[in-house]
Amino acid sequence: PAFFQLVHHPIIASANLANMLVSGGQNNLKASQARLSANQAADDVQTYFEEDWTIENQYHTMLDGKWDHMMDQTHVGYYYWQQPMANTAPPVARISAKKQALGGVMRISPENTLGAWPGDMPN
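Because the structure is a prediction, the values reported are computed rather than measured.

> Summarise the overall build of the chain; cite the residues concerned and give the values.
In terms of regular secondary structure, the chain is built from two helices and zero strands. For the chain, whose C-alpha radius of gyration is 19 Å, the value lies well above the compact-globule estimate of 14 Å for 123 residues. Seen through its C-alpha atoms, the chain measures out along the principal axes to roughly 60 × 30 × 25 Å. Within the span of the chain, comprising 123 residues, buried residues form 27% of the whole. Sequence-distant contacts in the chain: of pairs separated by 6 or more residues, those separated by 24 or more amount to 56%. Here the chain has roughly 8500 Å² of accessible surface; of this, 60% comes from carbon and sulfur atoms. Computing the positive centroid from 7 side-chain charges and the negative centroid from 11, the chain places the two 15 Å apart.

Shown next as structure tokens:
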């Protein structure tokens, strides 16, 4: 239990949260470029968000609930200094796979840029 509390849990919980936030950022970028891969990033955010609860629950149930509620403080979804009322996943956008984007079937997104061509997006 000590290894889990002091080493394992902080590592897996932090890695999961980081993956969730990175996937949320990738989703927002890809959605702004009207890329269908934005939908996979949105699915990843949901998966990581659900895994966060599983990791938290694992902590609460060890040793017959000795540490129940130890990790209850909200830790996902801070947008300003005050603690939010509940954990909230990062906002995500989805791209319709059935309707073609205005820019056409093929769009070019040069590496290390936000924009896509042809495009009507803000980047």
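> Describe the pattern of salt bridges, naming the residues involved and giving the relevant values.
Applying the stated criterion to the full structure yields one salt bridge. Between Arg-94 and Asp-43 there is a salt bridge, with the nearest N and O atoms lying 2.7 Å from each other. One end of the pair, Arg-94, is in the segment after helix H2 (37-61); the other, Asp-43, is in helix H2, with 51 residues separating them in the sequence. You can call Asp-43 partly exposed: its relative accessible area is 34%.

Criteria and thresholds
Every chain begins its residue count from 1, and numbering advances along the sequence as written. A pLDDT threshold of at least 70 governs which residues receive local features in this predicted model, and a stricter bar of 80 or more applies before side-chain atom pairs are shown or counted, although totals over entire chains, interfaces and linings include all residues. No hydrogens and no water enter the side-chain calculation; it runs on all heavy atoms of the structure. What counts as a helix is a DSSP run of H or I of at least four residues, what counts as a strand is a run of E of at least two, and both are numbered from the N terminus. Radius of gyration: over C-alpha atoms. The globule rule applied is 2.2 Å multiplied by the number of residues raised to the 0.38 power. To sort residues, take the accessible area from a 1.4 Å probe on protein chains only and compare it with the maximum for the residue type: under 20% means buried, over 50% means exposed, and anything in between is partly exposed. Between two residues, a contact is recorded if the distance between any of their heavy atoms is within 4.5 Å. Per-residue and other accessible areas were derived by the Shrake-Rupley procedure at a 1.4 Å probe size, with only the shown protein chains allowed to occlude residues. Residues scored as positive are Lys and Arg, those scored as negative are Asp and Glu, and His as well as the terminal groups of each chain are ignored. Think of each charge as sitting on NZ of Lys, CZ of Arg, CG of Asp or CD of Glu. By convention in these notes, a salt bridge is any Lys or Arg side-chain nitrogen within 4 Å of a carboxyl oxygen on Asp or Glu.

This is a description of form; function is not addressed.
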